[in-house]
Amino acid sequence: METEKETFVDEAAAEVLIRTPRLVIRRFGQGEWPQLLTYLQDDGVADYFPEGAYTEQRLRDMTADPYLYALVLHDDEEVIGHAFSRPGLQPLTGMIGLGIRSDYRRCGLGSETARALFRHAFTEQGLHRVTVSCTPENLALRAMLEKLGLRMEAFFRKSVPTVDGEWRDECVYSLLEDEWLIGESLLALRENGERFRLEDLLAPALEQPGAQPQNERKEIDAYTGSAGDPPATDEDEDPDSPSWPEAAALVDEELHHPTAEEETFPVADPFEEPDFPQVTAAIGRTDGSIAAPFVPIMPASVVASVIEPDTSAPTVEGTVVGVEWTAEPDPMDGLIEQRIDGVPFVLRRLHDFNWLAPFGRVFRVWDRQDSGNLSFGLEIEDQHVFIKYAGASTADYAGHPADAVNRLREAADRYETLRHPALTQVLDHFETPGGYAVLFEWAEGQLLRPGADEDGDTVVSRFRRLPIAERMEAMETVLEFHAHVEALGYVAIDFYDGSLMYDFSTGRLTICDIDLYRPAPYVNEMGRMWGSSRFMSPEEYELGAVIDSRTNVYTMGAMAFCLLGGERDRSPELWDAGESRYRLALRAVSPDREDRFSSVREMVEAWRTAGPLR
């Protein structure tokens, strides 16, 4: 038996397909069919193979398949998984799949294998397109595929047979060569710690005569499985892939007030699909059954009408009577509605949100934000996840989605740099096929901005009815956080009451929006900067003015009047926190920079020693 194994290893060594840092992907040997059987019996792996009963002859036939490969660790000849790579139905296309034994999952081997297979397909085989098939329940594999840049193009109902005679649904993902090249470039830049812009990466392809953006070319392989083509069964999750935390979120609400010059309809976005892409629902209903994905609805202005034949007119040979699309007055003012898990939201153009599926069921979408971001509240296993996303053409954003992507990518780094107990925590941030996403820890509470309602009562009104001691504690949290920001060399930009969430059950204040904070000192490059006029200093309207700690002092004073006084009405009669602190807040909002405190830390020290409330 030992001699037979050595003979097999020598035979397989000559048929190695790929070597990765930890694995050898090689052909099976005829004498290795018992190991293949052991692997197929592991944790339901065989459920995904349509071969039926595994006789010795059938297993020998499988090991003889020239497109089926064993996954073997460098230091061990034991089979820990499988991979296949076979030609597609069209020229320059291929199909790949993989599976990992249960005791080797969740350590990145699936991602390592998949990346190697794609690299081999696009560089060694020169393929144009590669597809991967899997069951919709396999959320770990789907998350990995979407992390690698694939997009789901098809959902086939009851298309894959199992050994029990049942039929399984099937998801088909695809990756194109130029998408893979962009992904490799992004990976290289990320590993080198470099910054990049999406348009820079796509520019060479878009500059070619007649070239179209890659994601505007769509096709779906008519995939038909055979005895050697099992759908992928990897339950492995890459440690670098988006984590699924026990809780997540905050909200990104109205941020900005664009200038008149900025309030224009956005130009066509080369990074988005102009057609109607498949949009996946979270898999699973409340009764535990599997739900098919849904598609976005058509724009309200597009309706179908039947062309009725004119029987009095002469018939022209070849004339077809059928359905035509006609335009009617658009009640949505050019916007379209898209739905995920039945939750509607509006965009300027349809967008692919397949990458959201692994994170659970969408229960809310914040879509009317002029920051260019969308925010999603999701639920998975009775826990909440919050994701902020840029890349889609949102309803109230006047800029280009690529600029929103760059801002959100930079913001993710800012949340990590300025970590603080009062700041909502970033758990992960990552590229998606059409943009960028940031995953946040969930923070309980309601926004304090005007207009945020709860049971018919504005949240800020409810907050102002709290005892002064509780409101003082919230204000001190705001001051301490911004002293921390100042100590790290940053200034606050676009900080206002919509950046605060308050949990009335615990009395906890959470700061939830610091996307535009910048290293200090910062120069006003806009004229009127981002933000709410209720909290903005004079220099935030002045082109070329320095934005620094004195600017932040003004914002802190404005926030004190918001939480403890009459907001814009800064009369002493509406102030609840004592005369000494009233004078401090009034000094902080002085139009003359030199009259203010020189730093937030100086203001904090004066605030603490101002004496009792009276």
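Calculation criteria
- Residues numbered from 1 in each chain as written.
- Predicted model: local features only at pLDDT ≥ 70, side-chain atom pairs only at ≥ 80, totals over all residues.
- Heavy atoms only, no water.
- Core = buried A, V, L, I, M, F, W, Y, C linked by side-chain atoms within 4.5 Å.
- Buried < 20%, exposed > 50% of the residue type's maximum accessible area, 1.4 Å probe, protein only.
- Contact = heavy atoms within 4.5 Å.
- Pairing = 2+ DSSP bridges.
- Helix = DSSP H or I, 4+ residues; strand = E, 2+ residues; numbered from the N terminus.
- Axes fitted to C-alpha atoms, helices over the stretch in contact; angles between N-to-C directions.
- Phe/Tyr/Trp six-rings, centres within 6.5 Å; stacked < 30°, edge-to-face > 60°.
- Lys NZ or Arg CZ within 6 Å of the ring centre and 35° of its normal.

Visitor: For this particular structure, what's the right way to read the nonpolar core?
Guide: In summary, soluble globular proteins display a tendency toward joint burial of nonpolar side chains. Phe495, Leu500, Met559, Leu563, Trp575 and Trp607 are the most contacted members of the largest nonpolar core, which totals 64 residues. What Trp607 contacts, discounting residues up to four positions off in sequence, is Met472, Met475, Glu476, Leu479, Ala560, Leu564, Trp575, Arg581 and Leu584. If you look at the next biggest cluster of nonpolar residues, it comprises 33 residues, including Leu71, Ile96, Phe122 and Met152.

Visitor: When you look at the sheet that holds strand 15 (residues 383-390) in this model, what are you seeing that I'm missing?
Guide: Strand pairing in a sheet relies on backbone hydrogen bonds. The paired strands run either parallel or antiparallel. Pairing within the open sheet is antiparallel, and its 5 strands lie in the order 13-14-15-17-16. Bordering the open sheet on either side are strand 13 (361-366) and strand 16 (426-432), each of which pairs with just one other strand. The average undirected angle you get between the axes of adjacent strands in this sheet is 25°. Two elements, strand 14 (residues 373-380) and strand 15, share 8 bridges in a ladder whose sense is antiparallel. Note that in strand 15 the partner of Ile380 across the bridge is Gln383. Lying on the sheet, helix 8 (residues 401-417) is in contact with strand 14, strand 15, strand 16 and strand 17 (435-440); it crosses strand 17 at an angle near 30°.

Visitor: Explain the packing of aromatic side chains here, please?
Guide: Each aromatic ring pair is characterised by the separation of its centres together with the angle its planes make. If you walk through the whole model with that rule in mind, you get 18 aromatic pairs. An angle of 90° between the planes, with centres 6.0 Å apart, marks the rings of Phe561 and Tyr582 as edge-to-face. Note that Phe561 is positioned in helix 11 (residues 549-564) and Tyr582 in helix 12 (residues 579-588), a separation of 21 residues in sequence. There is no split in this pair, since Phe561 and Tyr582 are both buried. Arg581 extends its terminal NZ or CZ atom over the ring of Trp607, reaching a point 5.7 Å from the ring centre. It is Arg587 that lies over the ring of Phe597; its NZ or CZ is 4.0 Å from the centre.

Visitor: Would you mind showing me how to read the sheet that holds strand 2 (residues 23-27) here?
Guide: Taking strand neighbours across the sheet as the criterion, the 8 strands line up as 1-2-3-4-5-6-8-7 in an open arrangement whose pairing is mixed. Looking at which strands have only one partner, the edges of the open sheet turn out to be strand 1 (16-19) and strand 7 (151-161). Strand-to-strand twist in this sheet, taken as the mean axis angle between neighbours without regard to direction, amounts to 25°. Alignment of strand 5 (residues 93-100) against strand 6 (residues 129-134), held across 4 bridges, turns out to be parallel. Residue pairing across strands places Gly94 opposite Val130, the latter belonging to strand 6. Running at roughly 100° to strand 4 (residues 79-87), helix 2 (residues 33-40) makes contact with strand 4 and strand 5 of the sheet. Of the strands in this sheet, strand 6, strand 7 and strand 8 (167-176) are in contact with helix 5 (residues 139-147), which crosses strand 8 at around 15°.

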